[in-house]
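This is what each chain is made of:
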Amino acid sequence: TLAYEILSENGYPVEQNEEGEGSVQGLISLDKGTYRFQFTSGAKGQDFTLFRCMPEYIPEPHRYAVMELVTRINYRLAVGHFEMDLDDGDVRFVHRQLTEGNQPGCEVLLTLMRIGLHGVETWYPGIQRIVEDGWHPQAVLAEVDEATGQSLADHARFPSYRIN
């Protein structure tokens, strides 16, 4: 209920999932795609999961290249991660948080939503390059770095990226 109130009051088009208790979902259209999102609360509010899903499933012949890209992207991320279902090709950006029964505040939820939407908007075109044009995952990384004016070393300066 709290997630529904926070997200809807801040302009996210959400609806409560009648079948999934503690779940809200919706679609959001941004510049590069329309993304599904879902917020699910675990049993007794002990945890929550926030998913932002890519617009379409990855065709089977391209799944391993996308999996490589996702692995390379995840190495850079400090908050959240991408995951892909190898059976159906669903790619999503995920935040999972243990809350020990404390509901997440407005700022936390909105920040996680914003980080995830930025992630899918940044990387979705690269995934499309692999699927539609046969690009290699490292070429996608180089293109995104060039488009954003960053290099691998720069990612350490941004809260959604890390470098060891």
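First, a word on what this report is: a plain description of the structure on this page. Every residue gets a number counted from 1 within its own chain, in the order that chain's sequence is written. In keeping with the model being predicted, local features are shown solely for residues with a pLDDT of at least 70 and side-chain atom pairs are shown and tallied solely at 80 or more, while totals for entire chains, interfaces and linings include all residues. As a convention, hydrogens and water are excluded, and side-chain values are obtained from all of the structure's heavy atoms.

Remarks on the side chain of Thr49
Consideration 1: For Thr49, the position within the fold is in strand E4 (residues 47–53).
Consideration 2: Contacts are assigned to residue pairs that have any heavy atoms within 4.5 Å of one another. Residues within four places of Thr49 in sequence aside, it is in contact with Gln38, Phe39, Thr40, Val94, His95 and Arg96. Secondary structure elements follow DSSP: runs of H or I no shorter than four residues count as helices, runs of E no shorter than two count as strands, and numbering proceeds from the N terminus.

Describing the pairing of strand E6 (residues 91–98)
Consideration 1: By this definition, two strands are paired if DSSP reports at least two bridges between them. The sheet contact formed by E4 and E6 spans seven bridges and is antiparallel. Paired with Cys53 across the strands is Arg92, a residue of E6.
Consideration 2: Pairing analysis gives four bridges linking strand E5 (residues 81–84) to E6, with the strands arranged antiparallel. Bridging from a neighbouring strand, Glu83 pairs with Arg92 of E6.
Consideration 3: The hairpin turn running from E5 into E6, its antiparallel successor, is six residues long, and Gly89 in that turn takes a positive phi close to 85 degrees.

Comments concerning the sheet that holds E5
Consideration 1: If you walk across this open sheet you meet the six strands as E1-E2-E3-E4-E6-E5, and the pairing is antiparallel. Each of the sheet's edge strands pairs with one partner strand only, and the pair in question is strand E1 (14–16) and E5. Averaged over all pairs of adjacent strands, the angle between their axes in this sheet comes to 25 degrees, without regard to strand direction.
Consideration 2: Where strand E2 (residues 23–30) meets strand E3 (residues 33–41), eight bridges bridge the pair, whose relative direction is antiparallel. Within E3, the position partnered with Ser23 by the bridge is Thr40.
Consideration 3: Where helix H2 (residues 63–76) meets the sheet, its contacts fall on E5 and E6, and the angle it forms with E5 comes to roughly 165 degrees.
Consideration 4: Fitted lines through C-alpha atoms serve as axes, helices being fitted only where they are in contact, and the angles separating the N-to-C directions of these axes extend from 0 to 180 degrees. Together, E2, E3, E4, E5 and E6 form the strand contacts of helix H3 (residues 106–133), whose direction differs from that of E4 by roughly 30 degrees.

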